[in-house]
Amino acid sequence: MSSGGGQQSQALTKPTFSEVQASALVESVFGLKVCKIQPLPSYDDQNFHVCILRTKDTTDGPNEYVLKISNSESSKTPDLIEVQSHIIIFLRAAGFPTASMCRTKGDNLTSLISVDSGSEIKSYLVRLLTYLPGRPIAEIPISPQLLYEIGRVAAKLDKTLEKFHHPKLSSLHRENFIWNLKNVPLLEKYLYALGQNRNREIVEQVVQLFKDEVMTKLSHFRECIHHGDLNDHNILIESSKSAFGDAVYQVSGILDFDDMSYGYYVFEVAITIMYMMIESKTPIQVGGHVLAGFESVVPLTPVERGALFLLVCSRFCQSLVLAAYSCQLYPENKEYLMITAKTGWKHLQQMFDMGQKAVEEIWFEIAKSYESGISM
């Protein structure tokens, strides 16, 4: 969802290409003629949905793409973006519903574009990916079956990446990356964006608990490369009819690998639980179904399970604090930035008020019910 450390100097790093300029990029960099283009919502990069004109040279390929223009801070880390691009290709080859990468006319996965903004020259990395079908999870009521499936896919994805190798893999060690759960203490310098209220008090308590109870246990968590942002807009689903005639949903697309980094299995499941809670009418129950799916592939250790509640609270804090901060930088993007905040504060407060023991009891009981084949 975000690129770098979130410093004030990054306020102007989001690209501002017009549709005409973006169309020209697709043609000059990738050699494809655009017949229709429209902007897609994004956090601090710029994305366009592109339809291309069929020619005798492009009759067989796809005709819908997503043009991704990375912000100027992310564009300074080409090795990281190269690794992320190769991961997308690797996962697709392993059977995951990720996009295909379109190569440039020079046969590269990315191209660095320089733009003279008047006062300075800024550079942006450009990629073109195939457009994936399906609807974001945010648009449909989420069933326990779908939550279980999302948990299972998340674990399977991380497990598959154990086999991924690349000479620049070390670029995924993003020490001060503000969206890595390990860096929750870094939120302290952005708390001013919340003002003085109960929300801020809860965040301050969560950050302190994180320092005391999670930082000391990191060495006991199992490491992995994780997606890090499986939110309700980054997972696409399609429906099919079951034998009984009702709709059965399956994951048809996994988007946005920009937050990918080295982390831990328990981080991935915590992040996924938090985002699946956002749109749910029964948010506290969500964790049990996602956890059951995740543990069908990667069972958590007792230490990892014991940290899950605090990690979910911590991800709520990351998302809510950084959204408030980003709204000050990009007020014109407020509607997209504040998606989580619509229900997020309410869910975080509910979890905090119930307490770890009560929430865990619900999660673990639901997860256990799957073992006996009686899902709740």
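Residues numbered from 1 in each chain as written. Predicted model: local features only at pLDDT ≥ 70, side-chain atom pairs only at ≥ 80, totals over all residues. Heavy atoms only, no water.

Under the annotation held in an unreviewed UniProt entry, the protein chain carries the name Hydroxylysine kinase and is attributed to Monodon monoceros. You can read under Catalytic activity (unreviewed entry) in the UniProt record for the protein chain the words "(5R)-5-hydroxy-L-lysine + GTP = (5R)-5-phosphooxy-L-lysine + GDP + H(+)". (UniProt positions renumbered as here; feature names shortened; annotations may be inferred.)

1. A word on the nonpolar core
Within the largest apolar cluster, 99 residues are counted, with the highest numbers of intra-cluster contacts made by Ile 87 and Met 351. Of the residues forming this core, the biggest block, 15 residues, is contributed by helix H7 (residues 302-329). Those residues in contact with Met 351 that lie beyond four places of it in its chain are Met 277, Ile 284, Phe 309, Val 312, Cys 313, Phe 316, Val 359 and Trp 363. Counting residues in hydrophobic clusters, the runner-up holds 19 residues, among them Ala 22, Leu 25, Val 29 and Ile 37. (Core = buried A, V, L, I, M, F, W, Y, C linked by side-chain atoms within 4.5 Å. Buried < 20%, exposed > 50% of the residue type's maximum accessible area, 1.4 Å probe, protein only. Helix = DSSP H or I, 4+ residues; strand = E, 2+ residues; numbered from the N terminus. Contact = heavy atoms within 4.5 Å.)

2. Digging into the sheet that holds strand S9 (residues 235-241)
Sheets are built from strands that pair by backbone hydrogen bonding, the pairs being arranged parallel or antiparallel. Pairing within the open sheet is antiparallel, and its three strands lie in the order S7-S9-S10. Each edge of the open sheet carries a strand with a single partner, namely strand S7 (135-136) and strand S10 (247-254). As judged from the seven bridges shared by S9 and S10, these two strands associate in the antiparallel manner. Opposite Ser 239, over in S10, you have Tyr 249 as the bridge partner. Packing against the sheet, helix H3 (residues 144-160) makes contact with S9 and S10, and its axis sits at approximately 30° to S10. (Pairing = 2+ DSSP bridges. Axes fitted to C-alpha atoms, helices over the stretch in contact; angles between N-to-C directions.)

3. Observations regarding the environment of Ile 142
Tracing the backbone shows Ile 142 in the loop between S7 and H3. With 129 residues separating them along the chain, Ile 142 and Thr 13 place their C-alpha atoms 35 Å apart.

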